[in-house]
Amino acid sequence: MTLYLVRHGETEANRDGLGLGRGDSPLTTVGVRQAEALALALSGLPVAAVWSSPLRRARHTAEAIARTVGAEVEVVEALAELDVGETEGLPYAEIRRRWPTFIAAWLGPNPAAVRMPGGESLEDLATRIRPLLPRIRELEPSGLAIVSHTFVIRVLACLLLDLPVAAFRSFACDLASVAVLDLAPRPVVRRWNDTCHLRRLEPGDAPAYGGEPR
């Protein structure tokens, strides 16, 4: 079975470099165009099912893809982004100023166990999405597109590839990017963080990386 891991298009928080977790931000005009480019890129591929995070930025992106591939969107609550707690909506510089101890631990050797101030840890996120793995594998041989968020995609990749959750930083995840994994007979990464479909957009519509305080 082929799995397509898709990050949503741009929101104002992504554009402005603000912490974004459970905040239900819509796509910007650029984000809508990115979603349309994503949908076009996936239109010729064998995508039989589309799962989405419940958050609007992911749902809007998933709906564009679903219309193109002729599938229905299934909203999966477990695919919601990491709860970033009190850092929601704050510039990364402000997060570093307010919570230096958190930042030191987050950048340390075991970030997976570090809980966001008032929010979740990556281990909490892994516990939340791990029950989805059997469902994903049961969909063989159909192709599945999962539209979600930077932390969810990176942690899900770790789980599928049998890597420790702390390895999440090995996976870049730009806005409106696609990763392609073949899951059988064993997991193989065919593409990662692919944004080639955005080249046809205007220069200002290029993807921006964002997702964690650094």
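About the thresholds
- Residues numbered from 1 in each chain as written.
- Predicted model: local features only at pLDDT ≥ 70, side-chain atom pairs only at ≥ 80, totals over all residues.
- Heavy atoms only, no water.
- Phe/Tyr/Trp six-rings, centres within 6.5 Å; stacked < 30°, edge-to-face > 60°.
- Helix = DSSP H or I, 4+ residues; strand = E, 2+ residues; numbered from the N terminus.
- Buried < 20%, exposed > 50% of the residue type's maximum accessible area, 1.4 Å probe, protein only.
- Pairing = 2+ DSSP bridges.
- Right-handed = clockwise from strand over helix to strand, strands pointing away.
- Polar contact = N/O pair within 3.5 Å; in protein donor to acceptor, adjacent residues only side chain to side chain.
- Contact = heavy atoms within 4.5 Å.
- Axes fitted to C-alpha atoms, helices over the stretch in contact; angles between N-to-C directions.

Draft legend 1. Here's a closer look at the packing of aromatic side chains. Summed over the entire model, instances satisfying the criterion amount to five aromatic pairs. An angle of 85 degrees between the planes, with centres 5.9 Å apart, marks the rings of Trp 106 and Phe 151 as edge-to-face. Of this pair, Trp 106 sits in helix α5 (residues 100–106) while Phe 151 sits in helix α8 (residues 150–160); the two residues are 45 residues apart in sequence, bridging distant segments of the chain. In this pair, the class of Trp 106 matches that of Phe 151, namely buried. For the ring pair Trp 106 and Phe 168, a centre distance of 5.8 Å and an interplane angle of 55 degrees mean the geometry is tilted. A residue pair is termed long-range when its members are at least 10 positions apart, and Trp 106 in helix α5 and Phe 168 in the loop between α8 and β5 (178–182) qualify at 62 residues. Of the aromatic side chains, those joined through ring pairs into one cluster are Phe 102, Trp 106, Phe 151 and Phe 168.

Draft legend 2. Representation of the pairing of strand β2 (residues 47–52) within the structure. Among the six residues that make up β2, five are buried, leaving the element largely enclosed by the rest of the structure. Note that β2 and strand β4 (residues 143–148) share five bridges and pair parallel. Bridge assignment links Trp 51 to a residue of β4, and that residue is Ile 146. You can see the chain leave β2, run along helix α3 (residues 56–69) and come back into strand β3 (residues 73–75), and the turn it takes is right-handed.

Draft legend 3. Quick peek at the side chain of Thr 11. Mapped onto the fold, Thr 11 is located in the loop between β1 (2–7) and α1 (12–16). Side chain to side chain, Thr 11 and Asn 14 meet in a polar contact 2.9 Å long. Setting aside chain neighbours within four positions, we find Thr 11 in contact with Leu 20, Ser 25, Pro 26, Thr 28 and Arg 57.

Draft legend 4. Broad picture of the pairing of strand β6 (residues 188–194). Pairing of β5 with β6, which is carried by four bridges, proceeds in the antiparallel orientation. Counterpart to Val 180 in the pairing with β6 is Arg 191. Connecting β5 to the next strand, β6, in antiparallel fashion are five residues.

Draft legend 5. Inspection of the sheet that holds β4 at higher detail. On the basis of which strands lie adjacent, the open sheet formed by six strands has the order β3-β2-β4-β1-β5-β6 and mixed pairing. The open sheet is flanked by β3 and β6, the only strands paired with a single partner. With strand direction ignored, the average angle separating the axes of adjacent strands in the sheet is 20 degrees. By the bridge criterion, three bridges tie β2 to β3 in an arrangement that is parallel. Residue pairing for β3: Val 50 is matched across the bridge by Val 73. Sitting on the sheet, helix α2 (residues 29–42) is in contact with β1, β2 and β5, with an inclination near 170 degrees to β1.

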